[in-house]
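Structural description and commentary
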Amino acid sequence: MTAAFKNKKLPKYMIGAGLASLAVAGCSGVSSGPQLPPASFVSMQEGPGEEYVIGPLDELTIFVWRNPELGAKVQVRPDGRITTPLITDMPAVGKTPAMLAQDLKLQLSEYINEPLVSVIVNNFSGTFSQQIRVVGATEKPASIPYRANMTLLDAMIAVGGLSEFASGNKARLVRYNRGTGKQQEYGLRIADLLERGQTKANVMLRPGDVIIIPKSMF
């Protein structure tokens, strides 16, 4: 760089424009933090997810073989319990259907010989640890029951996409790490995914993930 250029002062309007452009770039940039690996739009080898855990307000069908009068269609109460014929206030939340069936079998064994019990989940809500929660600048913030092989694209379709003033590329995903017992945040590029069709911005979700979408400052 020459001495003449070093000593030359830039006009104030150029300095102001430069600062403004930097501010805009900072507001429209991608969220900082670690990034998750991309996920394919269609999995070639889809498999079952984690075993389903019953949550409050789930609707269940209890079937007792050869004893239909002991079965029932019930909704899990907000306190996490159910009531069926001969059984009152049986805890259901936090159990898999197989675990609940086993507990019901033990209780019914006091009245009938070797009962065979099945539990069918008809309407799913799940526990918070199995839901995907999307909050912030989206068309309809919601808690979505997790499905096996669910991706960011699936969740955004479920909530109607980004709102008009969303800063999608500064969104964050909050995930609980069971191994460390701590929360980890990851940057998301939702605007690149939905508005620019960048497939590498799609990521796999896990039960309990929280997606936070801020509003743009401009």
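Predicted model only: the values in this text are computed from it and were never measured. (Residues numbered from 1 in each chain as written. Predicted model: local features only at pLDDT ≥ 70, side-chain atom pairs only at ≥ 80, totals over all residues. Heavy atoms only, no water.)

A look at helix α3 (residues 97-108)
With 12 residues, α3 extends 16 Å between its outermost C-alpha atoms, agreeing within 8% with the 16 Å of an ideal straight helix rising 1.5 Å per residue. Structurally, α3 contributes buried residues whose contacts are with β1 (59-64), β3 (81-84), β4 (87-91) and β5 (117-123). (Helix = DSSP H or I, 4+ residues; strand = E, 2+ residues; numbered from the N terminus. Expected span 1.5 Å × (residues − 1). Contact = heavy atoms within 4.5 Å.)

Examining the side chain of Asp192
For Asp192, the location among the structural elements is in helix α5 (residues 190-195). A relative accessible area of 8% places Asp192 in the buried class. Side chain to side chain, Asp192 and Arg189 meet in a polar contact 3.2 Å long. (Buried < 20%, exposed > 50% of the residue type's maximum accessible area, 1.4 Å probe, protein only. Polar contact = N/O pair within 3.5 Å; in protein donor to acceptor, adjacent residues only side chain to side chain.)

Some thoughts on a nonpolar patch on the surface
A cluster of nonpolar side chains, Phe63, Trp65 and Leu116, forms an exposed patch at the surface whose accessible area comes to about 310 Å². Structurally, the position occupied by Trp65 is in the loop between β1 and β2 (72-75). (Patch = residues over 30% accessible without salt bridge, like charges linked within 9 Å, V, L, I, M, F, W, Y side chains within 5 Å. Areas by Shrake-Rupley, 256 points an atom, 1.4 Å probe, with all protein chains shown as cover. Salt bridge = Lys/Arg side-chain N within 4 Å of Asp/Glu carboxyl O.)

Focus: the sheet that holds strand β9 (residues 182-187)
Pairing between sheet strands relies on hydrogen bonds along the backbone, with the strands arranged either parallel or antiparallel. Taken together, the 5 strands give an open sheet; going across it, the order is β7-β6-β10-β8-β9, and neighbouring strands pair in mixed fashion. In this open sheet, the two edge strands, each paired with only one partner strand, are β7 (142-145) and β9. Neighbour to neighbour, the strand axes of the sheet diverge by 20° on average, direction disregarded. Sheet topology places strand β6 (residues 131-136) next to β7; 4 bridges connect them, and they run antiparallel. Bridge pairing in β7 places Gln131 opposite Pro145. (Pairing = 2+ DSSP bridges. Axes fitted to C-alpha atoms, helices over the stretch in contact; angles between N-to-C directions.)

Some details on the confidence of the model for the chain
Residues with a pLDDT of 70 or more make up 80% of the chain, whose mean pLDDT is 85. This model gives residues 1-8 a pLDDT under 50, and the stretch forms 1 contact once residues within four places in sequence are excluded. (pLDDT = per-residue confidence, 0-100.)

A closer look at the pattern of salt bridges
The final tally for this structure, using the stated rule, is 7 salt bridges. The shortest N-O distance in the salt bridge between Arg175 and Asp209 comes to 2.7 Å. Here Asp209 lies in the loop between α5 and β10 (210-213) and Arg175 lies in strand β8 (residues 172-177), a separation of 34 residues in the sequence. Overall, Arg175 belongs to the buried group, its relative accessible area being 8%.

Considering unusual backbone geometry
In this model, Asp89 sits at a positive phi of 55°, which is unusual for a non-glycine residue. Secondary-structure assignment places Asp89 in strand β4. With a phi close to 45°, Glu114 is a non-glycine residue in the positive phi region. If you trace the backbone, Glu114 turns up in the loop between α3 and β5. The class of Glu114 is exposed, set by a relative accessible area of 65%.

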